[in-house]
Amino acid sequence: MKVGVRWFGLASLYIALSGCGGESGGEATGQNTAPPDGAETGEATFAPDEPTELWFVELERAPAARSGGVARVKGLAGEERERFRRAAEERGLRYRVRFSFEELWNGLSVRVARGGSAALSEMPGVKAVYPVVPVELDTTRAVTSVDPDLAVASDMSGADLVRRDLGVTGADIRVGVIDSGVDYHHPDLGGCFGPGCRVAFGHDFVGDDFVAGDASTQPAPDGDPDDCLGHGTHVAGIIGANGIVQGVAPDVTFGAYRVFGCRGGSRSDIIVKAMERAADDGMHVVNISIGTPFQWPDYPTATAATALVARGVVVVASIGNSGEKGLWAAGAPGVGEAVIGTASVDGTRVTRLSFTVAPGSAAIGYARAIGSPPPPLSGSAPLERTGTPTSARDACDELPAGSLAGKIALVRRGGCPFHQKAARAQAAGAAGVVIYDDRAGVMSPSVEAGGSITIPVVGIAQADGELLNARLDAGPLTHSWTDRAVAAESSTAGLISGFSSHGLSATLSFKPDLAAPGGAIYSTIPVEQGSYDTLSGTSMAAPHVAGAVALLLDARPELSAPRVRDVLQNSAVPAPWSGDLSAGVPESAHRQGAGVIRVDRSIRASTVISPGKLALGESEAGPAARTLTLENASGHDVTYDLSHAPAACATGRDHWRPASATTGAARVDFGAPSVTVPARGKATVSATIGASDALPDGSLFGGYLVFTPRGGAADGALRVPYAGFKGDYQSVPVLKLSDQEAPWLGKLSGTRMTPQRSGATYTLASGDVPYVMVHLDHGAERLTLDIIEAATAKPWGRALSLSRVGQSASTIAFTRYGWKGTTKLNGRATVVPDGGYRIKLRALRALGDPGNEAHWDTWTSPVVTLDRP
């Protein structure tokens, strides 16, 4: 999802996503009915077919969680909202309030008529305006499983040792799950809802029928947080199921905060409201397996989550499933400053339903694609391939009509989305689709984006697909669905999952923070959906961390919410580099954070090092000097020897497809080779970290500062991860001006946008407005559109100013900015007269200096002729 974080634009401009997989807050259309429970009503009503926009309006005062005195803040908030209402009335702004926020983030979410966002940003008392974006669940369906063995991979994090050896189970710890609800009828989750039940707290913010992208649906809140989607129940099971599946902390008490309807999709303002409710219900930990990728850390869901930590609640969030989209893809709220953003490692075992292929009877385990109908448990059909093991775009293009009638299609991954392949095979008459991987690892296909797949679609391993191709060379094969489950050790166990998003954030803050098992995790789902299933995603990794936090707080209740992350990071164990397991090098810090959690070590640790991570920023100014503080809670002095473990680096100028290498390790100089921390005392140590001259500019580097106790076991070592950018960060362009991804002028005809390379005439009537189509190759600190008279170069004002805009969602994704013929000129709204103009687009590179022209990318359109009827 590509997001403009702050909006300072004009009523003349509106924004829509193109190729990003969702609707934008800037060009949402739909009807306005009764507001959600708890919302205020503004001055406006809207016709059912009137185009509207959803916006966060941040007001100037700090929220209650950051300023203290809740009653005082609420009183001042009421005054602010009254000033906002009067100012809107004076300006003729039509709006309707969806939600009002005071505790974690101070402001409103509002629906306004399209183009009204500019007036919002200029009203007195308004600090910033942000689009209310759709949010998605960070998960993919991996398999349908019937074997609970090693269910939630507790052995990988030490949670099993904590339960067995220490008797710590998370009793009396409240964990909030902001998700699709929880099936509290499930016996592993207590079987009831309310006081005295495992699921003791909760609220439904949306109702069954709500879909974020469907304007015909509106939130219908109620008090029943039951789950009809399944995701939240799976997450809750990982945290604390106690039955056939045993979660990480099986005695926690749950709060279930439902923000997704039965068909999925929610909005970021609803997520913030759920955070407020979780705080009011006294949750100690909140898990949010939800996100929007390529966000900046100051987006409202991220800042609200950070404020929740300031209020004493540990917040754990998934970092995202955009691993194939390269660097900078970490999502909000996981990028929040105080949030534990969680990456995924693959679990130890994979248990799957299977099919067989005759001749022969060997079972091949498969992963059911999310969005696909469940495969049958019996039935046979011929197996027909659509390509070869070397096909780069297998089944991406239209297949001959009827060529797959009644057959199971064997298709190679790559070249286009899963749903496109499935749709091509379905259109050719296929009765099912088997997609085999084009790489090693656990594949988690999804055909949900297509929305029209009616045949079963499954994914299998690369080796299995290539074997089937070889067997087809020898003659015809018959595919048969079965009810047999197969289990196997995962070849990628303990390695970072391929889907797990890369950091760092666009501000170079250190993300993700930690890693946990998230690949192929068996847990609870709603009883009516089969009770148990195996899913993959950072959605599964985050609740593993949330459960571990519950164990840690149960064992060490003195820890503050901000300190919890430091303790977990200090004790984490870095996953090995998947590029060469024999190299003995850790995986990149920008992929795994501090490493895989080891909650058993966190509970035993008597020393904590802060900060628990080091964000070095860009290396242009030279080595970065940092001071770390060690606090020893034990009754004896402890001496630590200091060392450095460099991790793999991300190299290459193409951040969409970064290479991973171990060359060019950073240099680390400690102020001393060891440090002694007195009993119940503190000590400090300095470290100076410099990027290697051998590392190419534009690379990400990282590693681990290692503190090994003298006389103790090596596994008692504590670590502090670091990461930074080699070179000048402002050398990373936002606009690619010399290739097909360059901005272009467009004209909309029906639903088709056509390039106007030589310019075009626009009437500004019936949607005939000029569009600038923009691909952002990196996050933009600022984005502006200025209007200039073509013949004289006379400036006609500014049509748009955005701040902190996330990069495009893929290499082929564009955002369209439509100009409706007005600007802001000399502080006044101005109608630009008919005539010929050029649109100048400027993008300030991330963390760039507005006064440094070298930090700006600039593109100027061909002539835009306005000719109103």
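Computed from a prediction, not measured in an experiment: that's the story for all the values here. (Residues numbered from 1 in each chain as written. Predicted model: local features only at pLDDT ≥ 70, side-chain atom pairs only at ≥ 80, totals over all residues. Heavy atoms only, no water.)

*Asks:* Now, about the state of the cysteines: what can you tell me, with residues and values included?
*Replies:* Enumeration over the complete set of coordinates arrives at three disulfides. The side chain of Cys 228 participates in a disulfide bridge whose partner is Cys 262; the two sulfur atoms lie 2.0 Å from each other. Its torsion about the S-S bond being -100°, the disulfide of Cys 228 and Cys 262 is classed as left-handed. With a gap of 34 residues between them, Cys 228 in the loop between β10 (199-204) and α6 (231-240) and Cys 262 in the loop between β11 (253-258) and β12 (266-267) connect regions that are remote in the sequence. The class for Cys 228 is partly exposed, based on a relative accessible area of 26%. Between the sulfur atoms of Cys 396 and its disulfide mate Cys 416 the distance is 2.1 Å. For the disulfide bridge between Cys 396 and Cys 416, the dihedral angle about the S-S bond is near -95°, and by the sign convention the bridge is left-handed. Placement of Cys 396 in the loop between β20 (380-385) and β21 (408-412) and of Cys 416 in the loop between β21 and α9 (418-427) is noted, with a sequence separation of 20 residues between them. Accessibility assignment for this pair places Cys 396 and Cys 416 in one class, buried. (Disulfide = S-S within 2.5 Å. Helix = DSSP H or I, 4+ residues; strand = E, 2+ residues; numbered from the N terminus. Buried < 20%, exposed > 50% of the residue type's maximum accessible area, 1.4 Å probe, protein only.)

*Asks:* Kindly report on the pattern of salt bridges, identifying the contributing residues and their values.
*Replies:* Taken as a whole, this structure holds 37 salt bridges when the rule is applied. The salt bridge involving Glu 558 is made with Arg 556; its shortest N-O contact spans 3.3 Å. The salt bridge involving Arg 798 is made with Asp 786; its shortest N-O contact spans 2.7 Å. With Arg 798 in strand β44 (residues 795-805) and Asp 786 in strand β43 (residues 780-789), this residue pair connects regions lying twelve residues apart in the sequence. Take Arg 798: its relative accessible area is 33%, and that puts it in the partly exposed class. (Salt bridge = Lys/Arg side-chain N within 4 Å of Asp/Glu carboxyl O.)

*Asks:* Any chance you could break down the nonpolar core for me, citing the residues and the numbers?
*Replies:* Judged by nonpolar contacts, the single largest core of 108 residues is most densely connected at Ile 178, Val 259, Met 275, Ile 288, Ile 290 and Val 549. Element by element, the count of residues in this core is highest for helix α11 (residues 538-555), at eleven residues. If we skip the residues at most four places from it in the chain, Met 275 touches Leu 104, Ile 178, Ile 288, Thr 301, Ala 304, Ala 305 and Leu 308. Residues Met 753, Trp 796, Val 832 and Ala 843 belong to the second largest nonpolar core, which totals 34 residues. (Core = buried A, V, L, I, M, F, W, Y, C linked by side-chain atoms within 4.5 Å. Contact = heavy atoms within 4.5 Å.)

Keep in mind these values describe shape, not function.
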